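Per-entry structural report
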Amino acid sequence: MMIMRLWLAVLIAELLTVVATKSPIDDLLPHSRTIPNTTLNLDLIPQDIPSERLVTKFKTVFHFLIHQDTDQNLCVTVSPNKTRINWKLKFIPNKYKQKIILGNNKSSNLGVELVEYTGVSTPVTYDHQATRGLYEITAQTIDVESNITFYVTLRPNSLIRKFDIPPNKLTVKSNGQRVSLKWNPSHIDQHFTQYSLVISTSNIYSTFLEAKHQLEEKLKRNVTHKSDKTDYRLEIHHLGFHTNYTLTDLIYDRTYYFTVFALNEMRVYTQYASTTFKYQKPKPFALKDAKPRIENLRAHSGKASFRYKVGNRSREPGAEPNKLFWYVMTCDGVVNVEIRCRKTLLVKKRVFGYEKIVLDNTKYGERYVLKVETVSLDETQRVKSIEVMATVRPRMFPMPDMPSDLRIQQYVKPDDCHSVTIGWLPAKSNEDLQYCVYLQNDIPNNSVDFSAKQDQCGLSYGRNWRGNYQRYRCWYTGEKECVYMLASVEKVLKLKSSTTYVIRVTVTKPRGRTLSYDLLKLDTNSCGLN
(Lines give C-alpha, C1' and ligand atoms only; values in the text may rest on other atoms or scores of the structure.)
Protein backbone atom coordinates (compact mmCIF):
# COMPACT_ATOMS: atom_id res chain seq x y z
CA MET A 1 0.00 0.00 0.00
CA MET A 2 2.85 2.35 0.89
CA ILE A 3 4.57 1.52 -2.38
CA MET A 4 1.42 2.42 -4.34
CA ARG A 5 1.09 5.77 -2.55
CA LEU A 6 4.75 6.53 -3.17
CA TRP A 7 4.39 5.79 -6.91
CA LEU A 8 1.34 8.08 -7.22
CA ALA A 9 3.19 10.88 -5.49
CA VAL A 10 6.14 10.63 -7.84
CA LEU A 11 3.82 10.60 -10.89
CA ILE A 12 1.96 13.73 -9.73
CA ALA A 13 5.26 15.51 -9.11
CA GLU A 14 6.49 14.73 -12.62
CA LEU A 15 3.28 16.01 -14.18
CA LEU A 16 3.52 19.25 -12.23
CA THR A 17 7.14 19.86 -13.21
CA VAL A 18 6.80 19.16 -16.96
CA VAL A 19 7.04 22.35 -19.01
CA ALA A 20 5.23 22.28 -22.33
CA THR A 21 7.55 23.41 -25.10
CA LYS A 22 6.03 25.66 -27.69
CA SER A 23 7.12 25.46 -31.34
CA PRO A 24 7.28 28.68 -33.36
CA ILE A 25 4.94 27.03 -35.84
CA ASP A 26 2.21 27.01 -33.16
CA ASP A 27 1.75 30.74 -33.69
CA LEU A 28 0.91 30.08 -37.33
CA LEU A 29 -1.32 27.04 -36.87
CA PRO A 30 -4.43 27.58 -34.77
CA HIS A 31 -4.82 23.86 -34.02
CA SER A 32 -1.17 22.78 -34.02
CA ARG A 33 -1.02 22.41 -30.22
CA THR A 34 -2.82 19.10 -30.61
CA ILE A 35 -0.11 17.80 -33.00
CA PRO A 36 2.46 15.54 -31.31
CA ASN A 37 6.02 16.81 -31.57
CA THR A 38 7.07 13.51 -33.14
CA THR A 39 5.14 14.40 -36.34
CA LEU A 40 7.18 17.54 -37.08
CA ASN A 41 9.36 16.63 -40.06
CA LEU A 42 10.42 20.08 -41.34
CA ASP A 43 14.02 20.95 -42.12
CA LEU A 44 13.91 24.59 -40.99
CA ILE A 45 16.43 27.12 -42.29
CA PRO A 46 17.32 29.76 -39.68
CA GLN A 47 17.25 33.46 -40.45
CA ASP A 48 20.31 35.75 -40.71
CA ILE A 49 22.66 32.75 -40.63
CA PRO A 50 24.19 31.16 -43.77
CA SER A 51 22.97 27.56 -43.72
CA GLU A 52 24.63 24.82 -45.77
CA ARG A 53 22.49 21.87 -46.88
CA LEU A 54 23.20 18.77 -48.96
CA VAL A 55 21.18 18.79 -52.19
CA THR A 56 20.98 15.73 -54.45
CA LYS A 57 19.45 14.92 -57.84
CA PHE A 58 16.21 14.17 -56.02
CA LYS A 59 13.99 16.99 -54.81
CA THR A 60 14.95 18.19 -51.35
CA VAL A 61 12.52 20.37 -49.39
CA PHE A 62 13.42 23.03 -46.82
CA HIS A 63 11.22 25.47 -44.89
CA PHE A 64 11.56 28.74 -43.01
CA LEU A 65 9.15 30.96 -41.08
CA ILE A 66 8.33 34.66 -41.00
CA HIS A 67 6.86 34.99 -37.50
CA GLN A 68 5.20 38.39 -37.72
CA ASP A 69 3.95 40.98 -40.17
CA THR A 70 6.61 43.39 -41.40
CA ASP A 71 7.14 46.12 -43.98
CA GLN A 72 10.58 44.76 -44.86
CA ASN A 73 11.63 42.71 -47.85
CA LEU A 74 12.26 38.98 -47.73
CA CYS A 75 15.66 38.13 -49.23
CA VAL A 76 16.45 34.50 -50.03
CA THR A 77 19.91 33.85 -51.49
CA VAL A 78 20.85 30.45 -52.92
CA SER A 79 24.56 29.93 -53.65
CA PRO A 80 25.44 26.87 -55.77
CA ASN A 81 28.86 25.31 -55.25
CA LYS A 82 30.08 24.96 -58.86
CA THR A 83 27.14 22.79 -59.83
CA ARG A 84 23.91 23.29 -61.75
CA ILE A 85 20.89 23.58 -59.50
CA ASN A 86 17.18 24.10 -59.95
CA TRP A 87 15.29 25.64 -57.05
CA LYS A 88 11.94 27.26 -56.48
CA LEU A 89 10.35 29.15 -53.62
CA LYS A 90 6.74 28.75 -52.46
CA PHE A 91 4.54 30.51 -49.95
CA ILE A 92 2.21 28.19 -48.00
CA PRO A 93 -1.17 29.77 -47.11
CA ASN A 94 -2.69 29.16 -43.67
CA LYS A 95 -5.17 26.53 -44.81
CA TYR A 96 -2.34 24.24 -46.03
CA LYS A 97 0.21 24.61 -43.24
CA GLN A 98 -1.12 21.81 -41.03
CA LYS A 99 -0.89 19.38 -43.97
CA ILE A 100 2.76 20.36 -44.42
CA ILE A 101 3.49 19.78 -40.73
CA LEU A 102 1.82 16.38 -40.76
CA GLY A 103 3.92 15.30 -43.73
CA ASN A 104 1.13 14.92 -46.29
CA ASN A 105 2.42 13.22 -49.44
CA LYS A 106 0.56 15.75 -51.59
CA SER A 107 2.12 18.76 -49.87
CA SER A 108 4.42 19.43 -52.84
CA ASN A 109 1.37 20.56 -54.86
CA LEU A 110 0.29 23.09 -52.24
CA GLY A 111 1.20 26.74 -51.98
CA VAL A 112 1.86 29.66 -54.30
CA GLU A 113 5.04 29.54 -56.38
CA LEU A 114 7.01 32.79 -56.08
CA VAL A 115 10.10 32.13 -58.18
CA GLU A 116 11.93 29.34 -60.03
CA TYR A 117 15.56 29.46 -61.13
CA THR A 118 18.13 27.22 -62.79
CA GLY A 119 21.81 28.16 -62.83
CA VAL A 120 25.35 27.32 -61.89
CA SER A 121 28.01 29.07 -59.76
CA THR A 122 25.81 32.16 -59.53
CA PRO A 123 24.34 33.25 -56.18
CA VAL A 124 20.77 34.32 -56.85
CA THR A 125 18.66 36.46 -54.52
CA TYR A 126 14.87 36.64 -54.37
CA ASP A 127 13.95 40.10 -53.04
CA HIS A 128 10.29 40.86 -52.44
CA GLN A 129 7.84 42.13 -49.84
CA ALA A 130 7.77 39.75 -46.86
CA THR A 131 4.50 38.15 -45.72
CA ARG A 132 3.98 36.48 -42.35
CA GLY A 133 3.78 32.73 -42.84
CA LEU A 134 5.52 29.54 -43.89
CA TYR A 135 7.80 29.29 -46.94
CA GLU A 136 9.09 26.25 -48.79
CA ILE A 137 12.27 25.85 -50.86
CA THR A 138 12.48 22.87 -53.23
CA ALA A 139 15.96 22.25 -54.64
CA GLN A 140 17.67 19.57 -56.72
CA THR A 141 20.98 19.37 -58.58
CA ILE A 142 21.21 18.64 -62.29
CA ASP A 143 24.51 16.73 -62.31
CA VAL A 144 25.92 15.58 -58.93
CA GLU A 145 24.98 16.16 -55.31
CA SER A 146 26.55 19.17 -53.63
CA ASN A 147 26.42 21.35 -50.53
CA ILE A 148 24.32 24.44 -51.24
CA THR A 149 24.31 27.54 -49.06
CA PHE A 150 20.93 29.12 -48.22
CA TYR A 151 20.68 32.55 -46.62
CA VAL A 152 17.36 33.98 -45.43
CA THR A 153 17.07 37.48 -44.05
CA LEU A 154 14.84 40.55 -43.84
CA ARG A 155 16.03 43.98 -44.95
CA PRO A 156 14.42 47.37 -45.64
CA ASN A 157 12.73 48.01 -48.95
CA SER A 158 15.12 49.21 -51.64
CA LEU A 159 14.98 52.76 -53.01
CA ILE A 160 14.29 51.32 -56.44
CA ARG A 161 10.91 50.07 -55.32
CA LYS A 162 10.17 53.28 -53.40
CA PHE A 163 10.61 55.33 -56.57
CA ASP A 164 8.66 52.76 -58.66
CA ILE A 165 11.65 51.95 -60.88
CA PRO A 166 10.97 48.51 -62.38
CA PRO A 167 13.68 45.88 -61.93
CA ASN A 168 15.70 44.55 -64.83
CA LYS A 169 13.59 41.88 -66.51
CA LEU A 170 14.24 39.66 -69.51
CA THR A 171 11.05 38.37 -71.14
CA VAL A 172 10.76 35.54 -73.65
CA LYS A 173 7.88 35.30 -76.12
CA SER A 174 7.44 32.30 -78.41
CA ASN A 175 5.47 32.59 -81.65
CA GLY A 176 5.80 29.41 -83.64
CA GLN A 177 9.44 28.89 -84.51
CA ARG A 178 10.28 32.51 -83.68
CA VAL A 179 11.41 33.24 -80.11
CA SER A 180 11.73 36.91 -79.17
CA LEU A 181 13.79 38.25 -76.25
CA LYS A 182 13.18 41.70 -74.82
CA TRP A 183 14.44 43.62 -71.80
CA ASN A 184 13.92 47.11 -70.44
CA PRO A 185 16.66 49.73 -70.99
CA SER A 186 19.05 50.58 -68.19
CA HIS A 187 17.93 53.35 -65.84
CA ILE A 188 21.54 54.51 -65.40
CA ASP A 189 23.27 56.11 -68.39
CA GLN A 190 20.61 54.76 -70.72
CA HIS A 191 22.07 56.46 -73.81
CA PHE A 192 25.57 55.10 -73.14
CA THR A 193 24.77 51.52 -72.12
CA GLN A 194 25.31 48.75 -74.66
CA TYR A 195 24.23 45.12 -74.33
CA SER A 196 25.60 41.67 -75.10
CA LEU A 197 23.50 38.51 -75.08
CA VAL A 198 24.85 35.09 -74.08
CA ILE A 199 22.85 32.09 -75.32
CA SER A 200 23.68 28.77 -73.69
CA THR A 201 22.20 25.30 -73.24
CA SER A 202 24.19 24.61 -70.06
CA ASN A 203 23.81 27.42 -67.53
CA ILE A 204 23.52 31.13 -66.78
CA TYR A 205 26.84 32.95 -66.49
CA SER A 206 27.61 35.33 -63.64
CA THR A 207 30.36 37.25 -65.47
CA PHE A 208 30.98 38.10 -69.10
CA LEU A 209 34.61 36.96 -68.89
CA GLU A 210 33.44 33.51 -67.77
CA ALA A 211 31.17 33.19 -70.81
CA LYS A 212 33.88 34.51 -73.14
CA HIS A 213 36.43 32.06 -71.75
CA GLN A 214 34.01 29.14 -72.09
CA LEU A 215 33.29 30.12 -75.70
CA GLU A 216 36.99 30.22 -76.54
CA GLU A 217 37.48 26.78 -74.99
CA LYS A 218 34.50 25.46 -76.92
CA LEU A 219 35.85 26.76 -80.22
CA LYS A 220 39.22 25.09 -79.52
CA ARG A 221 37.52 21.76 -78.79
CA ASN A 222 35.50 22.03 -82.00
CA VAL A 223 38.71 22.41 -83.98
CA THR A 224 40.49 19.45 -82.36
CA HIS A 225 37.44 17.20 -81.85
CA LYS A 226 35.08 17.73 -84.75
CA SER A 227 32.72 14.91 -83.66
CA ASP A 228 32.25 15.88 -80.02
CA LYS A 229 28.99 14.29 -78.86
CA THR A 230 28.99 16.31 -75.63
CA ASP A 231 28.98 19.58 -77.55
CA TYR A 232 26.56 22.23 -76.31
CA ARG A 233 25.38 25.55 -77.68
CA LEU A 234 27.12 28.72 -76.54
CA GLU A 235 26.91 32.03 -78.40
CA ILE A 236 27.69 35.66 -77.63
CA HIS A 237 25.90 38.40 -79.56
CA HIS A 238 26.95 42.05 -79.23
CA LEU A 239 23.75 44.02 -79.80
CA GLY A 240 24.89 47.59 -79.23
CA PHE A 241 22.03 49.72 -77.93
CA HIS A 242 19.28 47.28 -78.98
CA THR A 243 17.13 45.81 -76.21
CA ASN A 244 15.63 42.88 -78.16
CA TYR A 245 16.71 39.83 -80.12
CA THR A 246 14.91 37.15 -82.18
CA LEU A 247 15.92 33.51 -82.62
CA THR A 248 14.59 31.10 -85.25
CA ASP A 249 16.87 28.06 -84.89
CA LEU A 250 15.98 26.59 -81.50
CA ILE A 251 15.56 22.84 -80.99
CA TYR A 252 12.41 21.37 -79.49
CA ASP A 253 12.43 20.04 -75.89
CA ARG A 254 15.71 21.73 -75.03
CA THR A 255 16.28 24.24 -72.22
CA TYR A 256 18.04 27.50 -73.08
CA TYR A 257 19.73 29.94 -70.70
CA PHE A 258 19.78 33.61 -71.71
CA THR A 259 22.00 36.17 -69.97
CA VAL A 260 22.17 39.87 -70.85
CA PHE A 261 25.30 41.82 -69.89
CA ALA A 262 25.40 45.61 -69.83
CA LEU A 263 28.52 47.48 -70.98
CA ASN A 264 28.76 50.89 -69.35
CA GLU A 265 30.70 53.97 -70.41
CA MET A 266 33.77 52.73 -68.50
CA ARG A 267 33.81 49.56 -70.69
CA VAL A 268 32.91 47.32 -67.74
CA TYR A 269 30.50 44.40 -68.17
CA THR A 270 27.91 43.62 -65.49
CA GLN A 271 25.16 41.02 -65.47
CA TYR A 272 21.97 42.89 -66.35
CA ALA A 273 19.22 40.23 -66.60
CA SER A 274 18.85 36.49 -67.11
CA THR A 275 16.20 33.83 -67.58
CA THR A 276 15.67 30.23 -68.64
CA PHE A 277 13.35 28.97 -71.37
CA LYS A 278 12.34 25.48 -72.48
CA TYR A 279 11.46 25.44 -76.17
CA GLN A 280 8.57 23.05 -76.70
CA LYS A 281 6.83 22.00 -79.86
CA PRO A 282 3.62 24.01 -80.35
CA LYS A 283 0.39 22.09 -79.96
CA PRO A 284 -2.10 21.87 -82.85
CA PHE A 285 -4.81 24.51 -82.95
CA ALA A 286 -8.15 23.11 -81.85
CA LEU A 287 -11.03 23.34 -84.33
CA LYS A 288 -14.70 23.52 -83.43
CA ASP A 289 -17.26 22.06 -85.77
CA ALA A 290 -18.09 24.41 -88.66
CA LYS A 291 -16.01 27.23 -87.12
CA PRO A 292 -13.30 28.51 -89.47
CA ARG A 293 -9.94 29.32 -87.90
CA ILE A 294 -7.46 31.79 -89.38
CA GLU A 295 -3.78 31.76 -88.43
CA ASN A 296 -0.85 33.87 -89.49
CA LEU A 297 1.24 31.25 -91.28
CA ARG A 298 4.13 33.62 -91.85
CA ALA A 299 4.47 34.23 -88.10
CA HIS A 300 4.68 30.45 -87.56
CA SER A 301 7.54 30.14 -90.08
CA GLY A 302 5.29 28.51 -92.65
CA LYS A 303 4.07 25.61 -90.49
CA ALA A 304 0.83 25.03 -88.59
CA SER A 305 -1.28 22.11 -87.39
CA PHE A 306 -5.02 21.91 -86.70
CA ARG A 307 -6.81 19.27 -84.63
CA TYR A 308 -10.45 18.19 -84.95
CA LYS A 309 -12.32 15.56 -82.93
CA VAL A 310 -15.46 13.91 -84.30
CA GLY A 311 -17.90 14.56 -81.48
CA ASN A 312 -21.62 14.73 -80.78
CA ARG A 313 -22.25 16.89 -83.85
CA SER A 314 -21.92 13.73 -85.95
CA ARG A 315 -25.08 12.36 -84.29
CA GLU A 316 -27.29 15.34 -85.09
CA PRO A 317 -29.97 15.14 -87.81
CA GLY A 318 -28.53 15.95 -91.20
CA ALA A 319 -24.98 15.03 -90.23
CA GLU A 320 -22.99 12.36 -92.00
CA PRO A 321 -21.25 10.39 -89.23
CA ASN A 322 -18.88 8.60 -91.59
CA LYS A 323 -17.69 11.69 -93.48
CA LEU A 324 -15.59 14.66 -92.50
CA PHE A 325 -15.53 17.80 -94.66
CA TRP A 326 -12.48 20.10 -94.64
CA TYR A 327 -11.47 23.15 -96.56
CA VAL A 328 -8.06 24.83 -96.69
CA MET A 329 -7.71 28.36 -98.06
CA THR A 330 -4.43 30.25 -98.31
CA CYS A 331 -3.90 33.93 -98.95
CA ASP A 332 -1.34 34.35 -101.75
CA GLY A 333 0.63 31.14 -101.79
CA VAL A 334 0.93 27.39 -102.21
CA VAL A 335 1.04 24.93 -99.31
CA ASN A 336 1.41 21.20 -98.76
CA VAL A 337 -1.36 19.59 -96.71
CA GLU A 338 -1.33 16.32 -94.78
CA ILE A 339 -4.16 14.79 -92.74
CA ARG A 340 -3.39 12.08 -90.20
CA CYS A 341 -5.31 9.99 -87.69
CA ARG A 342 -3.24 8.29 -84.99
CA LYS A 343 -0.11 9.14 -87.02
CA THR A 344 -1.52 7.28 -90.05
CA LEU A 345 -1.32 9.38 -93.21
CA LEU A 346 -4.75 9.67 -94.85
CA VAL A 347 -4.38 12.58 -97.30
CA LYS A 348 -1.38 14.30 -98.83
CA LYS A 349 -1.76 16.97 -101.50
CA ARG A 350 -0.66 20.41 -102.63
CA VAL A 351 -3.19 23.23 -102.34
CA PHE A 352 -3.23 26.18 -104.73
CA GLY A 353 -5.36 28.86 -103.12
CA TYR A 354 -8.37 26.75 -102.09
CA GLU A 355 -9.18 23.07 -101.71
CA LYS A 356 -12.10 21.06 -100.37
CA ILE A 357 -11.16 17.72 -98.81
CA VAL A 358 -13.61 14.96 -97.86
CA LEU A 359 -12.60 12.07 -95.60
CA ASP A 360 -14.64 8.88 -95.73
CA ASN A 361 -15.05 6.15 -93.09
CA THR A 362 -14.46 8.46 -90.16
CA LYS A 363 -15.39 7.27 -86.67
CA TYR A 364 -16.97 8.91 -83.65
CA GLY A 365 -14.39 10.02 -81.08
CA GLU A 366 -11.42 9.94 -83.48
CA ARG A 367 -8.99 12.86 -83.61
CA TYR A 368 -7.73 14.09 -86.96
CA VAL A 369 -4.74 16.41 -87.41
CA LEU A 370 -4.29 18.56 -90.51
CA LYS A 371 -0.75 19.83 -91.03
CA VAL A 372 -0.02 22.77 -93.34
CA GLU A 373 3.45 23.73 -94.56
CA THR A 374 4.60 26.12 -97.25
CA VAL A 375 6.44 24.55 -100.17
CA SER A 376 9.46 26.87 -99.95
CA LEU A 377 10.95 29.82 -98.13
CA ASP A 378 9.76 32.15 -100.88
CA GLU A 379 6.20 30.89 -100.45
CA THR A 380 6.50 31.50 -96.70
CA GLN A 381 7.10 35.16 -97.44
CA ARG A 382 4.11 35.23 -99.81
CA VAL A 383 1.53 33.41 -97.69
CA LYS A 384 -0.07 35.87 -95.32
CA SER A 385 -2.52 33.58 -93.53
CA ILE A 386 -4.24 30.22 -93.65
CA GLU A 387 -7.91 29.44 -93.05
CA VAL A 388 -9.05 25.94 -92.09
CA MET A 389 -12.47 24.53 -91.25
CA ALA A 390 -13.82 21.03 -90.51
CA THR A 391 -17.38 19.80 -90.07
CA VAL A 392 -19.47 16.63 -90.18
CA ARG A 393 -22.58 18.60 -91.22
CA PRO A 394 -22.70 19.24 -94.97
CA ARG A 395 -25.39 21.92 -94.62
CA MET A 396 -22.96 23.95 -92.47
CA PHE A 397 -20.24 23.90 -95.12
CA PRO A 398 -20.07 27.58 -96.17
CA MET A 399 -18.33 27.23 -99.54
CA PRO A 400 -19.92 26.43 -102.92
CA ASP A 401 -19.01 22.97 -104.18
CA MET A 402 -16.75 24.04 -107.03
CA PRO A 403 -15.84 21.78 -109.96
CA SER A 404 -12.31 20.52 -110.40
CA ASP A 405 -11.88 22.58 -113.59
CA LEU A 406 -12.29 26.31 -112.89
CA ARG A 407 -11.47 27.57 -116.38
CA ILE A 408 -13.82 29.94 -118.24
CA GLN A 409 -14.30 28.99 -121.90
CA GLN A 410 -14.53 31.72 -124.54
CA TYR A 411 -16.68 31.20 -127.65
CA VAL A 412 -15.96 33.72 -130.41
CA LYS A 413 -18.26 34.33 -133.32
CA PRO A 414 -16.67 35.14 -136.67
CA ASP A 415 -15.85 38.85 -137.04
CA ASP A 416 -17.85 39.72 -133.90
CA CYS A 417 -15.90 41.98 -131.60
CA HIS A 418 -18.82 43.63 -129.83
CA SER A 419 -19.88 40.63 -127.76
CA VAL A 420 -18.46 37.48 -126.35
CA THR A 421 -19.97 34.19 -125.25
CA ILE A 422 -18.44 32.47 -122.26
CA GLY A 423 -19.14 29.21 -120.40
CA TRP A 424 -17.97 27.30 -117.35
CA LEU A 425 -18.70 24.14 -115.42
CA PRO A 426 -21.40 24.74 -112.81
CA ALA A 427 -20.95 24.34 -109.07
CA LYS A 428 -22.87 21.52 -107.40
CA SER A 429 -25.63 22.53 -105.03
CA ASN A 430 -29.17 21.67 -104.00
CA GLU A 431 -29.82 25.38 -103.47
CA ASP A 432 -29.99 28.26 -105.90
CA LEU A 433 -26.50 29.68 -106.31
CA GLN A 434 -25.80 33.26 -107.30
CA TYR A 435 -23.48 33.84 -110.25
CA CYS A 436 -21.98 37.22 -111.09
CA VAL A 437 -19.94 38.39 -114.08
CA TYR A 438 -17.46 41.24 -113.59
CA LEU A 439 -15.47 43.15 -116.24
CA GLN A 440 -12.27 45.15 -115.97
CA ASN A 441 -10.36 47.12 -118.58
CA ASP A 442 -7.42 49.52 -118.79
CA ILE A 443 -5.11 46.96 -117.24
CA PRO A 444 -1.39 47.77 -117.08
CA ASN A 445 0.87 45.27 -118.78
CA ASN A 446 1.71 42.16 -116.67
CA SER A 447 -0.36 43.43 -113.73
CA VAL A 448 -2.59 40.32 -113.74
CA ASP A 449 -1.19 36.79 -113.59
CA PHE A 450 -3.63 34.65 -115.57
CA SER A 451 -1.62 31.45 -115.08
CA ALA A 452 -1.84 31.47 -111.25
CA LYS A 453 -4.77 30.15 -109.25
CA GLN A 454 -7.08 32.74 -107.81
CA ASP A 455 -6.50 34.12 -104.32
CA GLN A 456 -9.91 33.09 -102.97
CA CYS A 457 -9.43 34.69 -99.55
CA GLY A 458 -9.08 38.05 -101.30
CA LEU A 459 -12.81 37.84 -102.08
CA SER A 460 -13.66 37.82 -98.38
CA TYR A 461 -10.99 39.65 -96.40
CA GLY A 462 -9.69 43.15 -96.57
CA ARG A 463 -9.48 43.73 -100.33
CA ASN A 464 -11.80 45.98 -102.29
CA TRP A 465 -11.43 43.96 -105.48
CA ARG A 466 -14.89 44.99 -106.68
CA GLY A 467 -13.64 48.56 -106.97
CA ASN A 468 -11.52 47.53 -109.95
CA TYR A 469 -14.34 45.67 -111.71
CA GLN A 470 -17.61 46.68 -113.30
CA ARG A 471 -20.40 44.29 -112.40
CA TYR A 472 -22.17 43.31 -115.57
CA ARG A 473 -24.94 41.15 -114.16
CA CYS A 474 -25.86 38.74 -111.35
CA TRP A 475 -28.47 36.00 -111.39
CA TYR A 476 -29.50 32.82 -109.58
CA THR A 477 -29.31 29.36 -111.11
CA GLY A 478 -33.10 29.19 -111.16
CA GLU A 479 -33.23 32.17 -113.55
CA LYS A 480 -30.44 31.49 -116.08
CA GLU A 481 -28.40 28.63 -117.41
CA CYS A 482 -24.85 28.14 -116.21
CA VAL A 483 -23.57 28.98 -119.70
CA TYR A 484 -24.51 32.62 -120.02
CA MET A 485 -24.46 34.45 -123.33
CA LEU A 486 -23.54 38.11 -123.52
CA ALA A 487 -25.31 38.89 -126.80
CA SER A 488 -25.61 42.34 -128.38
CA VAL A 489 -23.96 44.12 -125.50
CA GLU A 490 -21.99 46.69 -127.37
CA LYS A 491 -23.50 49.60 -125.43
CA VAL A 492 -22.84 47.88 -122.15
CA LEU A 493 -19.36 46.57 -122.75
CA LYS A 494 -18.19 49.54 -124.77
CA LEU A 495 -15.32 47.60 -126.24
CA LYS A 496 -12.44 49.66 -127.49
CA SER A 497 -9.66 48.85 -129.85
CA SER A 498 -6.26 47.86 -128.51
CA THR A 499 -7.76 47.24 -125.09
CA THR A 500 -7.37 44.25 -122.81
CA TYR A 501 -10.33 43.13 -120.73
CA VAL A 502 -10.47 40.76 -117.74
CA ILE A 503 -13.61 38.73 -117.07
CA ARG A 504 -14.24 37.29 -113.62
CA VAL A 505 -17.10 34.95 -112.71
CA THR A 506 -18.02 34.40 -109.05
CA VAL A 507 -20.46 32.04 -107.38
CA THR A 508 -22.00 32.59 -103.96
CA LYS A 509 -23.73 30.07 -101.73
CA PRO A 510 -26.86 31.32 -99.92
CA ARG A 511 -25.93 32.29 -96.37
CA GLY A 512 -22.41 31.28 -97.28
CA ARG A 513 -19.23 32.44 -98.96
CA THR A 514 -18.09 33.50 -102.44
CA LEU A 515 -15.54 31.75 -104.64
CA SER A 516 -14.16 32.74 -108.02
CA TYR A 517 -13.43 30.93 -111.26
CA ASP A 518 -10.16 31.52 -113.09
CA LEU A 519 -9.78 34.86 -114.82
CA LEU A 520 -10.36 35.14 -118.56
CA LYS A 521 -8.35 37.54 -120.68
CA LEU A 522 -10.03 39.19 -123.69
CA ASP A 523 -7.95 41.19 -126.16
CA THR A 524 -9.82 43.34 -128.70
CA ASN A 525 -6.77 43.41 -130.96
CA SER A 526 -7.45 39.81 -131.91
CA CYS A 527 -10.73 40.66 -133.67
CA GLY A 528 -9.42 43.59 -135.69
CA LEU A 529 -11.35 46.49 -134.17
CA ASN A 530 -10.35 49.89 -135.47
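Structure's up top.
Summary of the structure given here. (Residues numbered from 1 in each chain as written. Predicted model: local features only at pLDDT ≥ 70, side-chain atom pairs only at ≥ 80, totals over all residues. Heavy atoms only, no water.)

With that settled, the discussion passes to the nonpolar core. Membership of the largest hydrophobic core comes to 29 residues, with the highest contact counts inside it found for Ile422, Tyr435, Val505 and Tyr517. Ala304, Ala319, Val337 and Val383 belong to the second largest nonpolar core, which has 27 residues in total. (Core = buried A, V, L, I, M, F, W, Y, C linked by side-chain atoms within 4.5 Å. Buried < 20%, exposed > 50% of the residue type's maximum accessible area, 1.4 Å probe, protein only.)

This part takes up a positive patch on the surface. Together, Lys283, Arg307, Lys309 and Arg367 line one region of the surface with positive charge. Structurally, the position occupied by Lys309 is in strand β18 (residues 303–309). The class of Lys309 is partly exposed, set by a relative accessible area of 44%. (Patch = residues over 30% accessible without salt bridge, like charges linked within 9 Å, V, L, I, M, F, W, Y side chains within 5 Å. Areas by Shrake-Rupley, 256 points an atom, 1.4 Å probe, with all protein chains shown as cover. Salt bridge = Lys/Arg side-chain N within 4 Å of Asp/Glu carboxyl O. Lys, Arg positive; Asp, Glu negative; His and termini not counted. Charge placed at Lys NZ, Arg CZ, Asp CG, Glu CD. Helix = DSSP H or I, 4+ residues; strand = E, 2+ residues; numbered from the N terminus.)

Per the stated rule, a full pass over the model turns up 19 aromatic pairs. Centroid distance Tyr438 to Tyr469: 6.5 Å. Interplanar angle 80°. Geometry classified as edge-to-face. Remark: Tyr469 occurs in the loop between β25 (434–440) and β26 (470–476) and Tyr438 occurs in strand β25; sequence separation between them is 31 residues. Judged by its relative accessible area of 5%, Tyr438 is buried. For Tyr469, a relative accessible area of 13% translates into the label buried. Grouped by ring-pair contacts, the aromatic residues Trp424, Tyr435, Trp475 and Tyr517 constitute a single cluster. Between the NZ or CZ atom of Arg315 and the centre of the ring of Tyr364, over which it lies, the distance is 3.8 Å. Sitting above the plane of the Phe397 ring, Lys356 keeps its charged end 4.8 Å from the centroid. (Phe/Tyr/Trp six-rings, centres within 6.5 Å; stacked < 30°, edge-to-face > 60°. Lys NZ or Arg CZ within 6 Å of the ring centre and 35° of its normal.)

Turning our attention to the side chain of Gln440. For Gln440, the position within the fold is in strand β25. Classification of Gln440 by relative accessible area gives buried; the value is 16%. In this structure the side chain of Gln440 is engaged in a polar contact, spanning 3.4 Å, whose partner is the side chain of Tyr469. (Polar contact = N/O pair within 3.5 Å; in protein donor to acceptor, adjacent residues only side chain to side chain.)

Burial analysis of strand β14 (residues 254–263) places eight of its ten residues in the buried class, which makes it a mostly covered element. With seven bridges connecting them, strand β11 (residues 194–200) and β14 associate as antiparallel partners. Within β14, the residue paired with Gln194 across the bridge is Leu263. With ten bridges connecting them, β14 and strand β15 (residues 269–279) associate as antiparallel partners. The residue of β15 that forms the bridge with Phe258 is Thr275. (Pairing = 2+ DSSP bridges.)

Distances and angles like these do not, on their own, reveal function.
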